[in-house]
Amino acid sequence: DAKTTQPPSMDCAEGRAANLPCNHSTISGNEYVYWYRQIHSQGPQYIIHGLKNNETNEMASLIITEDRKSSTLILPHATLRDTAVYYCIVRGRNAGNMLTFGGGTRLMVKP
Amino acid sequence: DAEITQSPRHKITETGRQVTLACHQTWNHNNMFWYRQDLGHGLRLIHYSYGVHDTNKGEVSDGYSVSRSNTEDLPLTLESAASSQTSVYFCASSDPGGTQYFGPGTRLLVL
């Protein structure tokens, strides 16, 4: 699985968009970009994933660059409850493939 | 609603005792996983299973075992608990597309 690089921490004002970057320059053609988050003391929560097209769901949007070497997770209107560690993970789509969690980005949403 | 549950949520045990952590999912997923999470290490894979009677070792499997007698359950057993196994344990299952969903976790303290 490709390695990812994320900033260790970010701040965001409540109500503003939170843009979390991820670099994955060694991603291969069949690997997807997954985003999870972990709110303190809880299990990791799936947010969104994509291959090469931008994706949007009720939680967030995922923007993947055309060369697929980086991506951005967008939380359009961050709330205090979005304070968490966000993990960007690149892996194949096979259902058996493991998830390898790196350090993630600690997002602090401030009032 | 389908879900994944873990029990107990908190457990205190003594060194040398056998401990079993339960994981139960109602999605009928074939793939199930056990991770542990420690400060400074993120999530690390302990064991995983691709179906009934299938079990595989992960990155940190020493001192742990699993069994899969049905689709819904993957219990994790610590054969002889050690203080180094004090951790938070997360169970997960993946849908046919490969997205993993995590349980709420079990906090284990080995004294």
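See above for the structure.
Every value quoted in this text rests on a predicted model; they were computed, and no experiment measured them.

1. Thoughts on the overall build of chain A
Scanning chain A from terminus to terminus reveals zero helices and nine strands. When the helices and strands of chain A are read in sequence order from the N terminus, they spell out β-β-β-β-β-β-β-β-β. Taking 13 Å as the expected radius of gyration for a compact globule of 111 residues, we find that chain A reaches 13 Å, a close match to that expectation. C-alpha atoms of chain A, sized along the principal axes, occupy 40 × 30 × 25 Å. Long-range contacts, defined here as pairs at least 24 residues apart, represent 57% of the contacts in chain A between residues at least 6 apart.

2. Focus on the overall build of chain B
A count of helices and strands for chain B gives zero helices and eleven strands. Secondary structure elements of chain B occur, N-terminal to C-terminal, as β-β-β-β-β-β-β-β-β-β-β. Here the C-alpha atoms of chain B give a radius of gyration of 13 Å, agreeing with the 13 Å that 2.2 N^0.38 yields for 111 residues. Dimensions of chain B, computed from C-alpha atoms along their principal axes, come out at roughly 40 × 25 × 25 Å. Classification of the 111 residues of chain B by burial places 50% in the buried group. Partitioning the contacts of chain B with sequence separation of at least 6, the portion at a separation of at least 24 is 52%. Counting 8 positive and 11 negative side-chain charges, chain B places the averaged centre of each group 8 Å from the other.

3. Brief notes about the state of the cysteines
In a disulfide, the sulfur atoms of two cysteines are held together by a covalent bond. Counted according to the given criterion, the structure contains two disulfides over all chains. The side chain of A:C22 participates in a disulfide bridge whose partner is A:C88; the two sulfur atoms lie 2.1 Å from each other. Taking the sign of the S-S torsion, about -80 degrees here, the bridge from A:C22 to A:C88 comes out left-handed. Of the two residues, A:C22 sits in strand 2 (residues 18-23) while A:C88 sits in strand 8 (residues 84-92), which places them 66 residues apart along the sequence. Look at A:C22 and you get buried, because its relative accessible area is 1%. We classify A:C88 as buried; its relative accessible area is 1%. Across a sulfur-sulfur distance of 1.8 Å, B:C23 and B:C91 are joined as a disulfide pair. Here the disulfide of B:C23 and B:C91 is left-handed, its torsion about the S-S bond being about -70 degrees. On the criterion of sequence distance, the pair formed by B:C23 in strand 3 (residues 19-25) and B:C91 in strand 9 (residues 87-94) is long-range, its members being 68 residues apart.

4. Focus: the nonpolar core
Counting 21 residues, the largest nonpolar core has A:L20, A:W35, A:L73, A:L75, A:Y86 and A:L107 as its most contacted members. Those elements that place two or more of their residues in this core are strand 2, strand 3 (31-38), strand 4 (45-50), strand 6 (61-64), strand 7 (70-75), strand 8 and strand 9 (105-110) of chain A. Sort the elements by how many residues they give to this core and strand 8 of chain A lands first, with four residues. Counting residues in each nonpolar core, the second largest holds 19 residues, with A:F101, B:Y48, B:F90 and B:F102 among its members.

5. With respect to the interface of chain B and chain A
In this complex, chain B contributes 21 residues to the contact, which on the side of chain A involves 19 residues. Counting the surface lost from both chain B and chain A, the interface buries some 1,500 Å², and carbon and sulfur atoms represent 53% of this. Between the two partners, chain B and chain A, sit four residue pairs in polar contact (both at pLDDT 80 or more). Those elements giving two or more residues to the side of chain B that touches chain A turn out to be strand 4 (31-38), strand 5 (42-51), strand 9 and strand 10 (100-102) of chain B. Residue composition of the side of chain B that touches chain A, by class: eleven nonpolar, eight polar and two charged.

6. Quick notes on the pairing of strand 8 of chain A
Residue and element names in this part refer to chain A. Taking burial as the measure, the nine residues of strand 8 include nine buried ones, the bulk of the element. Pairing between strand 3 and strand 8: eight bridges, direction antiparallel. Among the inter-strand pairings, Q38 is bridged to a residue of strand 8, identified as V85. Both strand 8 and strand 9 contribute to a ladder of three bridges, which runs antiparallel. Residue V85 lies in a different strand from strand 9, and its bridge partner there is R106.

Parameters and conventions
Residues numbered from 1 in each chain as written. Chains lettered and ligands numbered in written order. Predicted model: local features only at pLDDT ≥ 70, side-chain atom pairs only at ≥ 80, totals over all residues. Heavy atoms only, no water. Helix = DSSP H or I, 4+ residues; strand = E, 2+ residues; numbered from the N terminus. Rg over C-alpha atoms; globule rule 2.2 N^0.38 Å. Contact = heavy atoms within 4.5 Å. Buried < 20%, exposed > 50% of the residue type's maximum accessible area, 1.4 Å probe, protein only. Lys, Arg positive; Asp, Glu negative; His and termini not counted. Charge placed at Lys NZ, Arg CZ, Asp CG, Glu CD. Disulfide = S-S within 2.5 Å. Core = buried A, V, L, I, M, F, W, Y, C linked by side-chain atoms within 4.5 Å. Buried area = accessible area lost by both parts, 1.4 Å probe. Polar contact = N/O pair within 3.5 Å; in protein donor to acceptor, adjacent residues only side chain to side chain. Nonpolar A, V, L, I, M, F, W, Y, C, P; charged D, E, K, R; others polar. Pairing = 2+ DSSP bridges.

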